[in-house]
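Here's the letter readout for the chains.
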Amino acid sequence: MNHVVHLNNAGAALMPQAVLDAVKAHLELEAHTGGYEAARAREGELSAVYTSLARLLGCHPDEVAVVENATRAWDMAFYSIPFRAGDVILTSQAEYASNYIAYLQVSRRTGAVVEVIPDDEHGQVDVEALSRMLKKRVKLVSITHIPTNGGLVNPAAEIGRLTRAHGVLYLLDACQSVGQMPVDVQEIGCDLLSATSRKYLRGPRGVGFLYARREVLQRLEPPFLDLHAATWVAPDRYEIEPGARRFENWECNVAGKLGLGAAVDYALAWGLENTWPRVRALAEQVRRGLGEVPGCEVLDLGCERCGIISFTLEGYAPDQIRDCLRRQGINVNVSRAPSTFLDMTRRGIKELVRASVHYYNSETELERFLVALGRLEQEVRA
């Protein structure tokens, strides 16, 4: 990776060769034999994707659905919940915009009420406050595990212990955590979890997946069905698939699905218990380095912090920083207030730079990034 210092892994990580090979091989097979025929030839490998995802998440293969992206996975879970007037949806201050927009839409349609759990003094979900709020008519607790705009890791397992004790549905948006850190749905105690291929799992774009616990599946009818999710058994009757594949639809990106499976197998081979400490250590190296750059403010919250580092640099717009770094072969991204409106508005932040490290980044690359930031003024004038 000498051609680029890739610090945009929270956007889309670099695919390893095994993933690229899996995607290309299937596309070539489709080109030579036909799409339907290629899929049939890969039935065993496609089935193995569910087995691999189950190993990654600590669940059963029939509790996993593979869909077009993480947003679709989350939506299929959320919109399958039968909300009524007065039901309460509890969420976090740092909730992602796509999720919150869905809460507001369902609230307008059904009369359900959206309430935000306060943060504690560290900036993460206040578990004690959540415990008090669960005494209300709560239908769902829906949390983003790692927000898009910083290094915070919300206390997912502590939240899960409370929701299980109160018999409340728990939906976890794990887009930034799956592939970055060990995520075990049994330990966390969530009923539903959505995630993506393209971020820390290092898979292809256009693929996401959903975990749905067996015990809650029968209570959830997807917002739309097709002949894959259900079977037409009589002129006036259909039967829904018993497992999580009820959330899928017939047409899918087969090459991308196989690429996802290759990415999961690659992550499992490395071991998340091995890569996660390195990701955290690299992130802390960046935070320490940023603390020495004049005018730089690190904005990450939480007791536990991950591989996402958020910061601003006095005198420079985040877009300007991103573009200057890109000209030097260094990739970062920009996060803006509408993506996490409540959190960033409350903190008075309009936009920030997001650098996100992965285990394949080297210490030398991070030094190059920090040196480039320190010389930003010269680069801007040039």
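Quick caveat: nothing in here was measured; it's all calculated off a predicted structure.

Draft legend 1. The arrangement of helix 5 (residues 97-110) in detail. Compared with the 20 Å implied by 1.5 Å per residue over 14 residues, the 20 Å span of helix 5 between its first and last C-alpha is a close match. Here helix 5 has its buried residues at Ala-97, Asn-99, Tyr-100, Ala-102, Tyr-103 and Val-106. Packed against the buried residues of helix 5 are helix 4 (70-78), strand 3 (88-91), strand 4 (113-116), strand 5 (138-144), strand 6 (169-173) and helix 13 (341-346). Just downstream of helix 5 lies Gly-111, where phi reads positive at about 90°.

Draft legend 2. Region of the structure containing the packing of helix 11 (residues 272-290) against helix 14 (residues 363-374). Here helix 11 crosses helix 14 at 25°, and the two axes come no closer than 10 Å. In terms of their interaxial angle, helix 11 and helix 14 are classed as roughly parallel. The crossing of helix 11 and helix 14 is right-handed. Note on element contacts: helix 14 touches helix 11 through Glu-363, Leu-366, Glu-367, Phe-369, Leu-370 and Leu-373, opposite Arg-278, Leu-282, Gln-285, Val-286, Gly-289 and Leu-290. Its residues assigned to classes, the contact of helix 11 with helix 14 comprises 7 nonpolar, 2 polar and 3 charged.

Draft legend 3. Highlighting the pairing of strand 12 (residues 308-313). By the criterion of burial, strand 12 is predominantly enclosed, with 5 of the 6 residues buried. With 3 bridges joining them, strand 11 (residues 296-298) and strand 12 adopt antiparallel strand pairing. Note that in strand 12 the partner of Glu-297 across the bridge is Thr-312. Bridge count for strand 12 against strand 15 (residues 351-356) is 4 bridges, and the pairing is antiparallel. Looking at strand 15, one finds that Ile-308 is bridged to Ser-356.

Draft legend 4. Up close: helix 12 (residues 318-327). Taken as a whole, helix 12 has its buried residues at Pro-318, Ile-321, Cys-324 and Leu-325. One side of helix 12 carries all its buried residues, which in axial view fall inside an arc of 130°. Gly-329 lies just past helix 12 and shows a positive phi near 80°.

Draft legend 5. Structural context of the sheet that holds strand 15. Read from one edge to the other, the open sheet built from 4 strands follows the order 11-12-15-14, with strand pairing classed as antiparallel. Looking along the sheet, the strands with just one partner apiece sit at the ends: strand 11 and strand 14 (333-336). Strand-to-strand twist in this sheet, taken as the mean axis angle between neighbours without regard to direction, amounts to 40°. Contacts between helix 11 and the sheet are confined to strand 11 and strand 12, with strand 12 contributing the most and set at about 15° to the helix.

Draft legend 6. Highlighting the environment of Ile-146. By the secondary structure assignment, Ile-146 is in the loop between strand 5 and helix 7 (156-166). Assessed through its relative accessible area of 2%, Ile-146 is described here as buried. Residues Ile-146 and Arg-305, spaced 159 residues apart in sequence, show a C-alpha to C-alpha distance of 9.0 Å.

Draft legend 7. Here's a closer look at the pattern of salt bridges. Under the defined criterion, the tally for this structure stands at 21 salt bridges. Taking the shortest distance from any N to any O, the salt bridge between Asp-319 and Arg-336 comes out at 2.8 Å. Here Asp-319 is found in helix 12, whereas its partner Arg-336 is found in strand 14, with 17 residues between them in sequence. Since its relative accessible area comes to 25%, Asp-319 is described here as partly exposed.

Draft legend 8. Representation of the side chain of Thr-275 in the model. Take Thr-275: it is sitting in helix 11. Beyond its immediate chain neighbours, meaning those up to four positions away, Thr-275 contacts Trp-270 and Tyr-359.

Rules and cut-offs
- Residues numbered from 1 in each chain as written.
- Predicted model: local features only at pLDDT ≥ 70, side-chain atom pairs only at ≥ 80, totals over all residues.
- Heavy atoms only, no water.
- Helix = DSSP H or I, 4+ residues; strand = E, 2+ residues; numbered from the N terminus.
- Expected span 1.5 Å × (residues − 1).
- Buried < 20%, exposed > 50% of the residue type's maximum accessible area, 1.4 Å probe, protein only.
- Contact = heavy atoms within 4.5 Å.
- Axes fitted to C-alpha atoms, helices over the stretch in contact; angles between N-to-C directions.
- Parallel < 35°, antiparallel > 145°, perpendicular 65-115°, else oblique.
- Left-handed = near helix turned anticlockwise from the far one by under 90°.
- Nonpolar A, V, L, I, M, F, W, Y, C, P; charged D, E, K, R; others polar.
- Pairing = 2+ DSSP bridges.
- Arc of directions from axis to C-beta.
- Salt bridge = Lys/Arg side-chain N within 4 Å of Asp/Glu carboxyl O.

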